[in-house]
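Spelled out, the chains give:
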Amino acid sequence: MTANATKRQFLRSVGGAAGAAAVYRAMDALGMLGPGEAQASALDLPPGSGAGKSVVVLGAGVSGMAAAYELSKAGYGCTVLEATARAGGRNLTARAGDAIEETDSRQTVCYDDADHLYANLGPARIPYHHRTVLGYCREFGVDLEVFTNDNRAALFHNEGRFGGRPVAARRVMTDLRGYIAELLAKAVNREALDDVLGAEDKERILDMLVRFGALEEKDLLYKGSNRGGYRDAPNAGLLAGEANDPLDFGELLRADFWRYKLHFSHFLNQNPTLFQPVGGMDAIPRAFEARVGRSIRYSSPVREIRKTSGGVRVVHADGPGGDLKAVEADFAVCAVPATVLKDIPNDFSPETRAAIEGVEFVEAVKVGFQARRRFWEEDAAIYGGISWTDRDITQIWYPSQGYHRAKGVVMGAYIWDKEPGLRFTAMSPADRLDAAVAEGERLHPGYGKEMECGVSRAWLKAPFQKGGWPRGYEPPEALRRPDGAIHFAGDQVTALPGWQEGAVLAAHAAVDAIHRRAAGSGG
Ligand code: PHE
C-alpha cells in the first residue's frame, strides 16, 4: 500500500470517529495541507456509493462545483444553487464585452477581442505545490503556462525614498544583500561572534559572505556589483560597462521594501514555480461547469437554510425577483461566503452563527488596464512579474502572456490592505482608473498616455461575494465541522484562505465527511 493510501485510510478512521474538524487537524499534522502532499486528498469514493442520497450544494464557485463533481461521480443526487447567472464565484476573468457588476455600478469590459487580452480579477496564480487544484487541471486538460511572480527587472517604489524614483528589484536585492554581508563580516572579524563560531567556521563564513553578498575579497566591503545592473550600458556588451553605484543603505532601511515585498517569493504560497491557465483563470470553473452544469440552478439566491428531521431544506428564489422554491436533501454543502451567509435566515447553532459573523474578508481591489503598447517590455525589459509601491495601488502586475504582441492587459492595482482597499472600493469605476493612472505614473512616466481603457473589481461590492477572502489564517472551529446535516466549504474553512487549493480541499473534506455519514446510516 502506498504511503498516501495509508494516510487516506488513517484519515477515514479519524473522520469516522470525530468528524471533519478532526480530519483537518490530522491533515495538518500529516503535512497534507502543505507542499507535496495535498494530492493525497484526492477522493476515491466508491462509484455508486451515494445512490439514493441527495445533497444540495450552495454556491457554484470552485468549492461548490468540486463538491458537486465528486458527489455526482459517487452517485449522489446533487442540486447546486447559484445566486448569480454565472458559475465560478470569485474566479472571474474579464474579457471583451463582459459585464462587471457591483452593488452600485456596472462596467462593460473595454478590451479588444484577443486571446491574450484578459484580466484575472479574482485568482491569478497557482503555486506548484497546490497539488489538488493542479490535479484537477491535469484531469480536465486545462493547459497551464508559467506565471511570473518574481521579476528582478520590476520596480520597487516608495514615495518618500530615493527621491520618489522607483528602483529595479535587482538593485534593491543585490545592495541589501551586500550590506548585510558586509556587516556580518565585520562582526565576525571584530570577534563579536566568537562564542558561537569556531575558527574554521569563521573562515568559511567569511568566504561564504564574499560570494553571498558580492563583497570585495581584500577588505570584505560592499562597493556595489553588476548583479544589480549597469549605470550607463544596459548590460556589458562590447564595453565592460559600469555597475550602478550601490543604493544608500540608510534609505534602504527606511524604505518599506524589506517588510514583506522583498522576500515575497519566499513565502511558500508565492514560491516559483507558479502557473496560470492558458487564456484565463476561468478555464478551471469552466471545466467543472462542463461536468456539473446540468445540476446548477443559476440566478437562484438562497433565502433560507433550515434543518429538518431527515436533513435540510433550502429555500431559494427562482430567478431575480422570482418565486420562492425549496430543495430538500439529506445533506448540504454550504460554500456561501461567510460575509453573505450571515444575512441568510437559518437554523444554525449559536456557535456556528458566531463563527460566521466573526469572519472578516479582505477589501481586495484589482484594476486591469489595456495598454496600447507593451511599454514595460519595450522600454524596461520587464516580462511579467510585479512592481511594488507604497501608494494605494500597492502592485502593478505585468502580463505573463502575450509577450511582444501588440497590446497587453496590465493589472494597474492589486490592493489588499484595509485602508487603501476601502478608499478604492468607495470610488466610482471611472475614479478608480484615474487614481490608478496617477499612481502608476510614479513608476512609469507616461503611463496614462499608454492606457486605452480599464476595468476594476472591488470585491466588497461584488454581489453575493462581499469581500476578497478571509483575513488571517485560523478558520473558525465551528465552520470546520457540520451543523446538523450542513457541511461548510469554501476556502474560508481552511488554512488556505484566498486560494483555490483551499476551496477544493474544503470540498473534499465535506464530501468525505458526508460519505462517511451516509455509509454509517446504511445508505
Ligand atoms: N491568493 C491570493 C494572492 O496570491 C490572495 C492571497 C494573498 C491569499 C495573500 C493569502 C495571502 O494574491
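Just so we're clear, the structure is a prediction, and the values are computed from it rather than from any experiment.

(A) A look at unusual backbone geometry. A cis amide bond links Pro 272 with the next residue in sequence, Thr 273, at an omega value of 5 degrees. Assignment of secondary structure puts Thr 273 in the loop between α7 (249-254) and β11 (274-277). At Ala 214, a residue that is not glycine, the phi angle is positive and equals roughly 60 degrees. Assignment of secondary structure puts Ala 214 in the loop between α6 (199-213) and α7. Positive phi outside glycine occurs at Thr 394, with the angle close to 65 degrees. On the secondary structure map, Thr 394 appears in the loop between β18 (385-389) and β19 (395-398).

(B) Expanded view of the sheet that holds strand β14 (residues 312-317). Read across the sheet, three strands follow the order β13-β14-β15 without closing on themselves; strand pairing throughout is antiparallel. Of all the strands in the sheet, just β13 (302-307) and β15 (324-329) have a single pairing partner and so form its edges. Direction aside, neighbouring strands of the sheet carry axes that sit 15 degrees apart on average. Note: β13 against β14, five bridges, orientation antiparallel. Each residue of the ladder has a partner; that of Arg 306, found in β14, is Arg 313.

(C) Just the layout of surface pockets, in detail. Taken as a whole, the second largest pocket spans an internal volume of roughly 640 Å³. For the lining of the second largest pocket, the secondary-structure elements that each account for two or more residues are β4 (99-102) and α8 (283-292). Split by residue class, the lining of the second largest pocket holds 13 nonpolar, eight polar and nine charged.

(D) Spatial organisation of the environment of Ala 338. By the element assignment, Ala 338 lies in helix α9 (residues 338-341). Accessibility expressed as a relative area gives 1% for Ala 338, which makes it buried. Note: C-alpha distance between Ala 338 and Gly 490 (152 residues apart in sequence) is 9.4 Å. In contact with Ala 338, not counting residues within four places along its chain, are Ile 356, Val 359, Phe 361 and Gln 492.

(E) Molecular detail of the sheet that holds strand β7 (residues 126-127). Reading across from one edge, β7-β11-β8 is the order of the three strands in this open sheet, with antiparallel pairing throughout. Looking at strand neighbours, the two that pair on one side only are β7 and β8 (144-147), the edges of this open sheet. Sheet topology places β8 next to β11; four bridges connect them, and they run antiparallel. Counted as the bridge partner of Val 146 is Phe 275 from β11.

The rules we used
Residues numbered from 1 in each chain as written. Predicted model: local features only at pLDDT ≥ 70, side-chain atom pairs only at ≥ 80, totals over all residues. Heavy atoms only, no water. Helix = DSSP H or I, 4+ residues; strand = E, 2+ residues; numbered from the N terminus. Pairing = 2+ DSSP bridges. Axes fitted to C-alpha atoms, helices over the stretch in contact; angles between N-to-C directions. 1 Å grid on protein atoms, 1.4 Å probe; cavity = no way out; pocket = protein on both sides within 12 Å on 5 of 7 lines; lining within 4 Å. Points joined across faces, edges and corners; volume = space filled by probe spheres on them. Nonpolar A, V, L, I, M, F, W, Y, C, P; charged D, E, K, R; others polar. Buried < 20%, exposed > 50% of the residue type's maximum accessible area, 1.4 Å probe, protein only. Contact = heavy atoms within 4.5 Å.

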